[in-house]
Amino acid sequence: MSRAELRIRVSSLENNIKSLYRFSQKPIIAVLKANAYGVGALQVALLMDKLEEISALAVACVEEGIDLRKVGVKKKILVLGGVLKGEEKAFVEYNLTPVVSHKEHLKALAGLNIPIQIKYDTGMGRLGFLEEVIKDNRVEGILSHLSSPLDEEYSKLQIERFVKILNHYRGLKYVHMESSAGVVYRIPFTTHIRVGLALYGEKPMPNYPVSITPALELRAKILSVKTLPTGFSVSYSRTYITEKPTRVGVVAFGYADGLMKSLSNKAYLFYKGKPVKIIGNITMDMTMVDLTNTDAQVGDWIEIVGQNQSFTDLAKLAGTIPYELMTNLSSRIRRVVL
Ligand SMILES: *Cc1c(COP(=O)(O)O)cnc(C)c1O
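Let me sum up the structure you'll find in this document. As the structure is a prediction and not an experimental result, all values here were calculated from the model.

Below, the discussion takes up the overall build of the protein chain. Secondary structure assignment for the protein chain yields 9 helices and 18 strands. Referenced to the eigenvectors of the C-alpha coordinate spread, the extents of the protein chain come out at roughly 75 × 40 × 35 Å. Of all 338 residues assigned to the protein chain, the portion counted as buried reaches 56%. Restricting the contact set of the protein chain to residue pairs at least 6 apart, pairs at least 24 apart contribute 62%. Of the roughly 15400 Å² of accessible surface on the protein chain, a fraction of 52% belongs to carbon and sulfur atoms. Separation between the mean location of the 44 positive side-chain charges and that of the 33 negative ones in the protein chain comes to 2 Å.

Below, the structure written as structure tokens:
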């Protein structure tokens, strides 16, 4: 019944997880922040909760952690964004593990007997202690984050700084630093990898050495098909004028669904594997495509992302990154688990 669907292929997701595990030889902390990158945290979390390669899930804030517990997630849940005063009780009540990156977070946790992990800023310039060793018997792990995993020299500097910090600790159960792109460094002293994007088969770099395949397909239905005569303008502000009689399809997917307006007159969608160009400005709920030379009919599906085009491809055209495109996917897109 839905007009737009994000289809999540479980078998591909599982294969990607197995590949990441095989490549790194380390259990995975699956990063499911921001509604699992827009894919649907509840759907994805329940799948992940059953897989033995996944040892924990990670979210950005305490609210996201609570939501996962409420749907029945049993595995460990790390809250990457720290603890602010007033939140500490929820960590206990919902069995969430705080990632502490500031003295104030430690103050908020005073007197609470729960495991904690400590974040180090080895060069990200965001959250984390610089080199201060936290002497607290609740510490079960330490982590850091690469700012530019495609930059080998800088990443190696970050890795060196991290191992120096690690040398001050004993008996940690969790030491992690590698994100999707970071797994290429196969850091010898980490115990886990901490990945998000690659789970879905989006490659963080062109020659990604881990064999992953697209696990997501985004599609929407055609609401109207009609032939417009030569010289007819399409959509707001008349940025496209037909040069010949043109079969124009209206797709039930607009910028409010996550298809950036900057892709107007630029990107292609796909009809039965065949590219169809976006013409005219993308509007809030609808996008026009040139269906000339296709037999597309009202009610047929148009593929936005899938076998022919990844979120990474589309993001590049829009001058952004797949993370932004994915996290902008609207709640009115139906999430379908296959
Ligand atoms: C988002 C995030 C990740 C996951 O990054 P990917 O590139 O999606 O694998 C890992 N660690 C931290 C701290 C993050 O914020």
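This part covers the sheet that holds strand β2 (residues 28-31). Ordered in space as β8-β7-β6-β5-β4-β3-β2-β9, the 8 strands form an open sheet in which the pairing is parallel. Both edges of this open sheet fall to β8 (174-176) and β9 (193-195), since each of them pairs with a single strand only. Taken pair by pair, the neighbouring strands of this sheet meet at an average axis angle of 25°, ignoring direction. Strand direction decides the pairing type here: β2 and β9, joined by 3 bridges, are parallel.

Attention now goes to the nonpolar core. M48, I118, I142, Y200 and F253 are the most contacted members of the largest nonpolar core, which has 107 residues in total. V234, V248, V250 and I279 belong to the second largest nonpolar core, which has 6 residues in total.

Looking at the element boundaries, S180 is found in the loop between β8 and β9. For the pair formed by S180 and V210, sequence separation is 30 residues and the distance between their alpha carbons is 9.6 Å. A distance of 3.0 Å separates a polar side-chain atom of S180 from the backbone nitrogen of A198.

Moving on, we get to the side chain of T287. As for its placement among the helices and strands, T287 is situated in strand β16 (residues 287-290). What T287 contacts, discounting residues up to four positions off in sequence, is G249, V250, V251, F253, G254, L259, I278 and I282.

Let's shift gears to the pattern of salt bridges. Considering all chains together, one arrives at 15 salt bridges under this definition. We note a salt bridge from R334 to E5, for which the minimum N-O separation is 3.8 Å. Linking R334 in strand β18 (residues 334-337) with E5 in strand β1 (residues 4-8), this pair joins segments that are 329 residues apart in sequence. A residue is classified by how much of its surface remains accessible, and E5, at 7% relative accessible area, is buried. Overlapping salt bridges bring together E5, R7, R9, E217, R219 and R334 as one network.

Scoring rules and cut-offs
Once a new chain begins, its residue numbering starts again from 1 and follows that chain's sequence as written. Where totals are concerned, whole chains, interfaces and linings use all residues; where local detail is concerned, this predicted model gives features only for residues with pLDDT of at least 70, and gives and counts side-chain atom pairs only at 80 or more. The side-chain figures draw on all heavy atoms in the structure; neither hydrogens nor water molecules are used. Starting at the N terminus, helices and strands are each numbered in turn, a helix being any DSSP run of H or I of at least four residues and a strand any DSSP run of E of at least two. Relative accessibility thresholds used throughout: buried, under 20% of the residue-type maximum; exposed, over 50%; partly exposed, between the two (1.4 Å probe, protein chains only). Contact criterion: two residues are considered in contact whenever any of their non-hydrogen atoms come within 4.5 Å of each other. Computed by Shrake-Rupley with a 1.4 Å probe, the accessible areas treat only the displayed protein chains as cover when residues are assessed. Positive charge is attributed to Lys and Arg, negative charge to Asp and Glu, and no charge count is given to His or to the chain ends. Where a charge lies is defined by one atom per residue type, namely NZ (Lys), CZ (Arg), CG (Asp) and CD (Glu). What makes two strands pair is DSSP finding at least two bridges between them. Note on geometry: axes are C-alpha line fits, over the in-contact stretch for helices, and angles between N-to-C directions span 0 to 180 degrees. Only buried residues count toward a nonpolar core. Its members are Ala, Val, Leu, Ile, Met, Phe, Trp, Tyr and Cys residues joined through side-chain atoms within 4.5 Å. Identification of polar contacts relies on pairs of N or O atoms within 3.5 Å, with a donor-acceptor requirement for protein atoms, meaning one able to donate a hydrogen and the other able to accept it, and with residues adjacent in sequence counted only if both atoms are side-chain atoms. We define a salt bridge as a contact between a side-chain nitrogen of Lys or Arg and a carboxyl oxygen of Asp or Glu at a distance within 4 Å.

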